[in-house]
Amino acid sequence: MAVQAVPTKGNLMNTKKSLALAEMGYELMDKKRNILIREMMMLIDKANEIQGKIDDTYAEAYFALQTANIVHGYCSEISKTIPVEDSLTLDYRSVMGVEIPIVKMDSPDRSKLHFGLNSTTTALDNAFSKFTEVKVLTADLAEIENSVYRLADSIKKTQKRANALKNIMIPKFEETVKYITDALDEKDREEFSRMKVIKRQKKDA
């Protein structure tokens, strides 16, 4: 690596400061990366757990719906009595500067049915309850999967910056410090030798 810095004490001090900042920056990036990785791994475990619940609940919900269709006939008209879900809200929390979404939804009252009890059976009630559970789990999973994506993207960027500091900037500053230090040491030796010659010449005169 070609070093262009002029070997002066001022440049040596500035380069040492830059080296210290680069080393500090690398340590911070490394800590940030580790914290983000831990956060992401916890969310991945949680996502896998919720995905398993969703798969099981979907299977139960569709079975309950098939049963209701058999009992009541095709339930398209009854389904129109179910209100559109509009309670979803989106907020954010910060993890090491990464904005993580928080999906909130009003807790559904599963005891409150939107269709007449006289014309329906427990098969339809069960289907409604299961699909309501799926809705809640899907909102939770959407929050976690989006969070994992954002964390993974930030981890990738943080790793790239940490690698640049570790493999490019820090070695560059270290080489510059060595170059300037060696040059100044050589200059001091030359000055010392010159002063010895002058002193000997004065003594011989």
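As the structure is a prediction and not an experimental result, all values here were calculated from the model.

Asks: I keep staring at the overall build of the protein chain and nothing clicks. Help me out?
Replies: Within the protein chain one finds three helices and two strands. Helices and strands in the protein chain line up, N terminus first, as α-α-β-β-α. The buried share of the protein chain, taken over its 205 residues, is 25%. Put simply, of all contacts in the protein chain between residues at least 6 apart along the chain, 79% involve residues at least 24 apart. Summed over its atoms, the accessible surface of the protein chain is roughly 14,200 Å², and 56% of this surface lies on carbon and sulfur atoms.

Asks: So what exactly am I meant to see when it comes to the nonpolar core here?
Replies: Soluble, globular proteins show a tendency: their nonpolar side chains are buried together. The biggest cluster of nonpolar side chains holds 15 residues, and the ones touching the most others in it are L36, I50, I144 and L151. At the level of secondary structure, the elements contributing two or more residues to this core comprise α1 (9-72), β2 (98-104) and α3 (122-204). The contact partners of L36, leaving out residues within four places of it in the chain, are V95, M96, V98, L151, S154, I155 and T158. Counting nine residues, the second-largest nonpolar core is a separate cluster that includes L19, L165, F173 and L184.

Asks: Would you mind showing me how to read the side chain of S147 here?
Replies: With respect to the secondary-structure elements, S147 resides in helix α3. Overall, S147 belongs to the buried group, its relative accessible area being 2%. Residue contacts for S147: discarding those within four places in its chain leaves L43, I100 and P101.

Asks: What is the right way to look at the pattern of salt bridges in this model?
Replies: Pairing is possible between side chains of opposite charge, provided their charged atoms come close. Under the counting rule described, the total for this entry stands at seven salt bridges. In this structure, E39 engages R93 in a salt bridge whose closest nitrogen and oxygen atoms are separated by 2.9 Å. Remark: R93 occurs in strand β1 (residues 89-95) and E39 occurs in helix α1; sequence separation between them is 54 residues. For E39, a relative accessible area of 17% gives the class buried.

Asks: It is not clear to me how the confidence of the model for the protein chain should be interpreted in this structure. Could you clarify?
Replies: Detailed reading of the predicted coordinates is not advisable wherever pLDDT falls low. Taken residue by residue, the protein chain gives an average pLDDT of 84. The fraction at 70 or more is 84%. In the model of the protein chain, helix α2 (residues 76-79) stands out as the element of lowest mean pLDDT, 65, in contrast to β2, which has the highest, 91.

Asks: Hey, could you run me through the pairing of β2 in this one?
Replies: Looking along a regular strand, one sees side chains alternate from face to face of the sheet. In terms of strand pairing, β1 meets β2 through seven bridges, oriented antiparallel. Across the sheet, the residue bridging to R93 is I100, located in β2. Where β1 folds back onto β2 in an antiparallel hairpin, the turn is made up of two residues, including M96, whose phi is positive at roughly 55°.

Asks: Would you mind going over the environment of K178 with me for this structure?
Replies: Within the secondary structure layout, K178 lies in helix α3. Distance from K178 to L12, taken between C-alpha atoms, is 9.1 Å for residues 166 residues apart in sequence.

Asks: Help me understand the side chain of T132, please; the structure alone is not making it clear to me.
Replies: Following the sequence through the fold, T132 ends up in helix α3. Of the residues examined, T132 reaches a relative accessible area of 6% and is grouped as buried. Within the structure, the side chain of T132 is placed 2.7 Å from the backbone oxygen of F128, a separation counted as a polar contact.

Asks: So what exactly am I meant to see when it comes to unusual backbone geometry here?
Replies: Working note: non-glycine residues mostly have negative phi, and peptide bonds are mostly trans. A positive phi angle, near 55°, is found at M96, a position not held by glycine. Relative to the assigned elements, M96 resides in the loop between β1 and β2. With relative accessibility at 38%, the residue M96 sits in the partly exposed group.

What counts, and at which threshold
- Residues numbered from 1 in each chain as written.
- Predicted model: local features only at pLDDT ≥ 70, side-chain atom pairs only at ≥ 80, totals over all residues.
- Heavy atoms only, no water.
- Helix = DSSP H or I, 4+ residues; strand = E, 2+ residues; numbered from the N terminus.
- Buried < 20%, exposed > 50% of the residue type's maximum accessible area, 1.4 Å probe, protein only.
- Contact = heavy atoms within 4.5 Å.
- Areas by Shrake-Rupley, 256 points an atom, 1.4 Å probe, with all protein chains shown as cover.
- Core = buried A, V, L, I, M, F, W, Y, C linked by side-chain atoms within 4.5 Å.
- Salt bridge = Lys/Arg side-chain N within 4 Å of Asp/Glu carboxyl O.
- pLDDT = per-residue confidence, 0-100.
- Pairing = 2+ DSSP bridges.
- Polar contact = N/O pair within 3.5 Å; in protein donor to acceptor, adjacent residues only side chain to side chain.

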